[in-house]
Amino acid sequence: MQDDAQDLPATVDALMDGLRSDLEQLAAIPSIAFPGFPAGPVHEAHDLLVRLLREAGVERIERIDLPDTSPVVYAEIPPPDPAAPTVLLYSHYDVQPPGDETLWKSPPFEPTPIEGGLRARGIADDKSNVIAHLGMLRAFGGRPPVGIKIVFEGQEEYGSAFDSYPPTDPDRFACDAMVIADLGNLRPGTPTLTTGLRGAAEVLVEVRTLDEPRHSGEFGGAAPDALLVLTKALGTLHDVHGDVAVEGLRREAWTGTGYTDDEFRTLAGVRGDLPLLGSGGLGERLWSGPAITVIGLDAPSVEHAASAVVPYARAKLNLRFHPLQDPHEAQDRLVHHLLSLRPFGVPLTVTPGDTGPGYEAATEGPAYRAARTALKEAWGEDAAYVATGGSIPLVNGLAQAAPRAEVLLFGAQDSMCNLHAPNERVLFSELRNTVHAMCAFLREYAADFRADAPR
Ligand SMILES: [Zn+2]
């Protein structure tokens, strides 16, 4: 089929039964690379992928063992000719733990048919994309029209080495374009390119006002209450509409596609007709503007509450910020805001925590042109541009290792597939179209790249 675009849909359709059974076999392995889980299944998944790659015609396969992490499957197919580009394909074969198994409708590591797809832990995130890469290799008979580097990471969900390792080994990761397939579509049937990721930072805020708790009848009313001070401070982080009220955090209009309000309400599980927070488009509230969430609070629990003025309280804040804002600048803005407050005249102790940068892709190059054509061909409609509020640190790691490569984020997941939650599922339609899109992308990109090459 390789050279004839007409045959691609039929070729991919013919591969689907085999890909489905390989996905079932892979998803039946509980490859959880978290502390406290056995390493055996992770290695079993690794070995299965090595065998599947070999059977798909890949000859150069290596195992990368980094300190304190699960093995990475690394494979190369040299470019068919010197004018062909090299594309790096990333996905990961470890999965999240299943969590509370009583919330699952079927055992998490027994892939179970559902309408149009399969349910199992990790079957979407990210084993669907591992299998999509394999499908692309089979469609091309192991000889794609570009050079290929495959990276199947074995420990992405817990303490990934890929936010720092790739820049230390730039030759290995050198490429003209990379497809980071660890996400998918805005909704099933809507082909989606994720072009932005928000950055993240944490900040701890503490208040100590008394040596010990004091009787609230005898001292309440005058003794400074740490919990009251803290909640008053937290109340200043948002305005009356629920928009972030900390100055200096970048917020811009979002120009790509986004969720409808109803979709978002359903995805978030918002109760009844409660209003959403903030004003303006959902895109700028979720992707191109800041968010501050109180993710933890230390204070006496209601169950153990004594009639006493609280002497100490603290909160952990999670800040998400515009993809292009400097992480330390964004974090400093929040720290400065808190330090400048003196609720009831009481100063706060503010400690900056971890930060992670955001990412914004340049979308004007030949790989993006090829991807737009390919996604449209596979799904039958124009690709939507979205961002995501979650960060994927390895995107920055890989982008630093190959700074001139175009970075594409698309894949077989979709925002309704219950990632990291009970009853994770994948749809065959999205898997099939992702295989089709990957093949069409490589075909288009190879042709475009050659046309541009000096003769
Ligand atoms: Zn993932």
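Under an unreviewed UniProt entry, the name given to the protein chain is M20/M25/M40 family metallo-hydrolase, and the source organism is Streptomyces boluensis.

Trainee: Looking at this model, I keep getting lost on helix α10 (residues 366–379). Mind explaining?
Mentor: Given 3.6 residues to a turn, an α-helix orients residues that are three or four positions apart in the same direction. Look at α10: 20 Å from first C-alpha to last across 14 residues, which is about the 20 Å you get at 1.5 Å a residue. Of all the positions in α10, only Ala367, Tyr368, Ala370, Ala371, Ala374, Leu375, Glu377, Ala378 and Trp379 are classed as buried. Following α10 by one or two positions, Gly380 adopts a phi angle in the positive range, close to 80 degrees.

Trainee: What is the right way to read the domain arrangement of the protein chain from this model?
Mentor: Accessible area lost on assembly of the parts is the figure often given for the size of an interface. Partitioning the protein chain into structural domains gives domain 1 (5–197 + 358–452) and domain 2 (199–251 + 289–355). Taking the mean C-alpha position of each, domain 1 and domain 2 sit 40 Å from one another. Listed as interface residues are 8 residues of domain 1 and, on the opposing side, 8 residues of domain 2. Those elements giving two or more residues to the side of domain 1 that touches domain 2 turn out to be β9 (192–197) and β16 (359–360). The class makeup of the residues in the side of domain 1 that touches domain 2 is 3 nonpolar, 4 polar and 1 charged.

Trainee: Please clarify how the sheet that holds strand β17 (residues 384–388) should be interpreted in this entry.
Mentor: Paired through their backbone hydrogen bonds, the strands of a sheet run either parallel or antiparallel. Read from one edge to the other, the open sheet built from 3 strands follows the order β16-β9-β17, with strand pairing classed as mixed. Each end of this open sheet is capped by a strand with a single partner; those strands are β16 and β17.

Trainee: Help me out: how do you make sense of the sheet that holds strand β6 (residues 147–153) in this one?
Mentor: Read across the open sheet, the 6 strands follow the order β1-β2-β6-β3-β7-β18; overall the sheet is mixed. Of all strands in the sheet, those bounded by a partner on one side alone are β1 (60–64) and β18 (406–408). Neighbour-to-neighbour, the strand axes of the sheet open up by a mean angle of 15 degrees, direction not taken into account. Looking at chain direction, strand β7 (residues 177–180) and β18 are connected through 3 bridges and run parallel. When the sheet's bridge partners are listed, Ala177 is paired in β18 with Glu406. Here helix α3 (residues 127–139) sits on the sheet and contacts β3 (86–92) and β6; the angle it forms with β3, its principal contact strand, is near 145 degrees. Together, β3, β7 and β18 form the strand contacts of helix α11 (residues 393–401), whose direction differs from that of β7 by roughly 165 degrees.

Procedures and definitions
- Residues numbered from 1 in each chain as written.
- Predicted model: local features only at pLDDT ≥ 70, side-chain atom pairs only at ≥ 80, totals over all residues.
- Helix = DSSP H or I, 4+ residues; strand = E, 2+ residues; numbered from the N terminus.
- Expected span 1.5 Å × (residues − 1).
- Buried ≥ 20, exposed ≤ 12 C-beta atoms within 10 Å, placed from the backbone.
- Domains from an automatic or database assignment.
- Contact = placed C-beta atoms within 7 Å.
- Nonpolar A, V, L, I, M, F, W, Y, C, P; charged D, E, K, R; others polar.
- Pairing = 2+ DSSP bridges.
- Axes fitted to C-alpha atoms, helices over the stretch in contact; angles between N-to-C directions.

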